[in-house]
Each structure stands twice: as C-alpha cells, then as structure tokens.
Amino acid sequence: MNHDSNPALHRLLSSNVAPNSREAASFQLQLNDIASEISLLRSRLAELEDQLQLRRVVLSPVRRIPAAVLGQIFVHLLPDLLEAGARDKLVEIQLVCKGWREGARLTQKLWSALSFEDLTDVPYKKVKQWFDRAGNTPKSLAYSTTSHDPCPGWQSFTCGALRCSSLATLLINLEGTLDHLSLRYRDPTCFQTLLNSLGRAEEGLRRSWHALKSLTLEFDQEWVAFPDPLQSMFLQLPPNITSFELRLPTKYSCGFLYKDDSTIAPLPLPQNLLERLSSFTLCCDWYGKQWLEPTLVRCINLETLTVDFMRSRSNHGTEHLLNSGLLLPKVRTLRLQNVSPYTIDIIRVLKTPQLAELNIDLDEDEDYDWKLSEPVLSFIKRSQCDTTLRLFHLRCARISAEELLATFRGLPFLVHLTLQSVPAETIFEVLEVFAMEEGLQPDLPNLETLELLQLQPDVFPHSLISFLHSRRPYLMENGKPVFINPQDTFKRLTVTYQTTFKKREYRLAEFESVEILSKWGGVSVNIGPKLYRLENY
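For every chain, the first residue of its written sequence is number 1, and the numbers climb from 1 along that sequence. Only residues with pLDDT of at least 70 are given local features in this predicted model, and only at 80 or more are side-chain atom pairs given and counted; all residues enter the totals for whole chains, interfaces and linings. Only hydrogens and water are removed before side-chain values are computed, so all heavy atoms of the structure are retained for them.

Enquirer: Help me understand the overall build of the chain in this model?
Expert: Along the backbone of the chain there are 17 helices and 18 strands. Sorting the 537 residues of the chain into buried and exposed places 44% on the buried side. Here the analysis covers contacts within the chain between residues at least 6 apart in sequence; of these, 78% occur between residues at least 24 apart. Here the open area of atoms and residues is found with the Shrake-Rupley method and a 1.4 Å probe, where only the protein chains shown may cover a residue. Accessible surface computed for the chain: about 28,400 Å², of which carbon and sulfur atoms make up 53%. In DSSP terms, a helix is any run of H or I states spanning at least four residues, a strand is any run of E spanning at least two, and both are numbered starting from the N terminus. The cut-offs for exposure are 20% and 50% of the maximum accessible area for each residue type, with area from a 1.4 Å probe on protein chains only; residues under the lower value are buried, those over the upper are exposed, and the others partly exposed. Here, residues are in contact when the closest pair of their heavy atoms is within 4.5 Å.

Following this line, the structure appears as structure tokens:
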C-alpha cells in the first residue's frame, strides 16, 4: 500500500495523532483485511511446506537405497542363527514397507539359519518354506534340548523318543536340502536315541541325514565312554560330512566321577570320518593324550583345524612327539583357542607345511608371563611354513613387549597382523621400537594390514602415529606431502576400541600422519568409534 497517495493514512502512521471515529473504523477494516490475508497466506504456506516435505521424502537418499543394500543392513541387525525372537523381528521388518519386504526377501542369507529349543509344535512345512527363500545359500539348523528340564527316569526314554521324532519329522520335510545341523544335548543318550531311530527310519529320513555336509555336536554335562571303537556312536554320523565340530563336556562336569578319569578317556572317532574332514573343530579340556594324538594323526585332508582347550591346566603328554612331530599336511588355517601356559606347548609338536593363517587365543584370565616367541617360532621352523604363512592373529595376550617384539621379528614374511584385546601399552611399546627403524629395513617388511582391535581408548597413540610415519615418511611442501621413500607395502589400518568410562579429546583419525596416509599415501584407514558408559557422567 502506497502511503504517499493517502495523506490521512500517512499522517496517522507517521505520528502519534489519535484517529477520529471514521478513521478508526477505516483502520479496523484494514486490519481485518490484512489479518485475513495473513491467515490465507499462512494456510497456503503450511500447504506448501507439506508439499515440500512430501517431495523431499520422494528424493530422500534412504528411499533410493537398493534392496540389496537394505538386505545387508538387516543381516547386520539380526543374529546369524534366528531363534524365535529374531524370527519375529524379521517378520516385523517386512511389514514396514514394500521396499523393506523386497530387501528382506532378496537377501537369501537372512533365511538360511534357524535355531529351535522345541520342535514338537513347529509347523514343519513353514520351516521348509522359510529355507526355500534361502535359495542356493547353505542352510543351517540348530537344535538344543539343554533348556528342557530333565525327565524322570521312567519318562526319559519317552521324552527322548518324542524329541527325536520331532527332529526326524522336520528332517524329512526338509527333503535333504539342509547343509549343516547343530545338535546340543546334556549327554550322548538323546543323540544315541536319534541314531537308533535312524536305523529304523524310512528312506526320506535317511536321505536327509546322509545329505548333511556339516555337523556340530555339543554335550554339556555328561559323557558315556566307548572303550570299544566298534560301539562308538560316531560310526553312525552322516557319511558325507566334511566339516565336523565336537564340543565335549568339561572334565569338571558330571561326565567324570573324578576329573583325573579324563586321563584315560578315549575319543573313538572313526578313521574314515577323520580322513575325509576338511574342517574340524574340537573343544576339549581332558587330561592325557588319549584324544589328541589318535585324533589328529588321522586328519590327513584337513584344511582348517580349530582346537579349543577350554582353559585347560593340564599338559597333554606330547613330549614323545617332539622329535617326529604330528603332521597335518594340508592345514591352511590353524586356530588355538583358550590356550593356557600348560597347553601352548601343543604347538611345538604340530607340523603344518601349508599353513597360511595362525590364530592364537590366549586365556584372558591367566595372569602369566607368557613365553610366546619360542614355541611359535620353533613351530614355524619345524613346519617350514615361512613361505606360506601370511596372517597372524593374537588375542588376549598378557605378554611383555620384549616377548611380543621377539615374536614379530621372527615373522618377517607376515602380510596381515591382528592384535585383539592386547594391552595398548604393550602394543605401543613394540610400535615405538618399529618406528625407530625409519630409513632401515623394517622388522615386518611385507606387512600390508595391521588390525588393532579392542584397544583401551585412554592410551595416547603417539607410538602408532610414529610407526605410520616410519612406514611412509614425508615432508610437507606447499601444503602437500612429498613422500621420501617409494611406495611401502603397508595398505590398511583398522582400529577398534573397548568401552570406557573416560573421555579423551584426541581422535586418532585427526592426527596429521593418519590424514596424510589415508588421503595421499594409499592407505585405507578404518577407525572405530569410542564408546562410553553414560551412567558414569
């Protein structure tokens, strides 16, 4: 509105003169018109903002996430084995929208592994339909009866037979499509009941049993000795399995009247089973050598061997093998888990000439000055695997920096080194020594990947920064780095942290050397977040 064209309006707006009654009425009409126009404009603005938001949603990056990517997000959200609660979550995910349902249905891995604790009321055809969505992905079924209350003696056979019947019915309905079966029992009795029923089973059940390529057996509390190998339940295992995991009850369980009884307990695994295995996992803390040597000596085609010593404090009587050794000619991956100072010596007698990956998981509760370098390096020398060994993973080592340094200096051929839950002070002391070798031939000249997992975040990472700089030293010129040496082998750094109470201002990713190497030095850097316990603030 042009104030100059209306002198009366201009006079009233530019002064404090009171309007007369006619002017006041005119101004009130103008106020009403303006308020009405504002109301209309606000309504139009709200409508436009709604339209704007709707169109922003259409162009949202979330909406453009491919179904395959959504499926992988769901894979990370859910556990590998879907028990009842996880299965319900997967069903709920599909109810969010059509895109989420498509992402879930296209991701075969989501439908490939199920876990049950009770099969009596399971709709078997729906389980088959569930697995059908997994397509060609290997399918896995886990069944545990350990959560069931023990049945009275006069009912135990009936209950065991009912559970075996339910499992047998499910196997028949799966029509031989299952690749891996995991069974967990208190003792071998229920498993023997299943085996007995297989002997009388129809062809469909035997076909499903024989189709299994991988089997896990776990016995929690009791054990039945099989002094006669011809009576062993292991003779009735699926004839085509090439991957076998056996978890035995601890020697402190009800399996033995006295823990020393495990000294003479045999483990009658058939020779033809051991000879055809390509992957074998054995969890056992029994005393003596009755199970170790007779078992491993027949594993002539193994490619992956995992031995979990369950924190055993016993020596396994392998001294007589020090001269001859225990040959595993095709093993490429060796994992020793829950190793104690008493069981680390097992590595002295093994010979793995084709070894490519060595994992040692030390007992995290063991307060011991570990002597790691001598057994590890003597094992590698005996195996003559220095031309093949490329990856070393060490976990939970309460070990001195000198011992760790001596171990690494004997492994110049390593390409991939992973240290998990190793005290940061020990790691950084070793890296400080490595950093002093700038300009010299480094102790790990072929190292491409360094993973430091579960570090304490409250330790200043100066030594790590110095180590990185020593691998690719540089000078800054005009705001850009000029690297002094040719391209180093080092290509990848991964760091993750333990949960902590303390906040620290420094961030590893913001240090200059890390930024330079990741931006210009060809190094892939993945720094995990620092996680804090909020209740302490």
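So much for the structure itself; the text now carries on.
Enquirer: What is the right way to look at the state of the cysteines in this model?
Expert: Cysteine pairs can be linked by a disulfide, which is a covalent bond between their two sulfur atoms. Two cysteine sulfurs form a disulfide in these notes if their separation is within 2.5 Å. According to the stated counting rule, one finds 0 disulfides in the structure shown. With no disulfide of its own, Cys284 lies 8.9 Å from the sulfur of Cys283, the closest cysteine sulfur.

Enquirer: Would you mind going over the nonpolar core with me for this structure?
Expert: Soluble globular proteins tend to bury their nonpolar side chains together. For this analysis, a nonpolar core means a set of buried residues of the types Ala, Val, Leu, Ile, Met, Phe, Trp, Tyr and Cys, connected via side-chain atoms within 4.5 Å. Within the largest apolar cluster, 129 residues are counted, with the highest numbers of intra-cluster contacts made by Phe191 and Phe244. Not counting residues within four places of it along the chain, the set of residues in contact with Phe191 comprises Leu183, Tyr185, Trp209, Leu217, Phe219, Met233 and Leu237.

Enquirer: What am I meant to see in the packing of helix α3 (residues 67–77) against helix α5 (residues 98–106) here?
Expert: The angle between the axes and the distance between the axes are what describe a pair of packed helices. The angle between two axes is taken between their N-to-C directions and runs from 0 to 180 degrees, where each axis is a line fitted to C-alpha atoms and a helix contributes only its stretch in contact. Axis separation between α3 and α5 bottoms out at 7 Å; the angle between their running directions is 75 degrees. Here α3 lies roughly perpendicular to α5, going by the angle between them. Contacts from Ala67, Leu70, Gly71 and Phe74 of α3 reach α5 at Gly99, Trp100, Glu102, Gly103, Ala104 and Leu106. The classification used treats Ala, Val, Leu, Ile, Met, Phe, Trp, Tyr, Cys and Pro as nonpolar, Asp, Glu, Lys and Arg as charged, and all other residues, Gly among them, as polar. Split into classes, the residues belonging to the contact of α3 with α5 amount to 6 nonpolar, 3 polar and 1 charged. With respect to orientation, any angle under 35 degrees is reported as roughly parallel, any angle over 145 as roughly antiparallel, any angle of 65 to 115 as roughly perpendicular, and every other angle as oblique.

Enquirer: Help me understand the environment of Gln354, please; the structure alone is not making it clear to me.
Expert: Looking at the element boundaries, Gln354 is found in the loop between β10 (350–351) and β11 (357–362). Remark: the alpha-carbon pair of Gln354 and Cys385, spanning 31 residues in sequence, is separated by 6.0 Å. Gln354 has contacts with Pro329, Val331, Arg332 and Thr388, leaving out every residue within four places of it along the chain.

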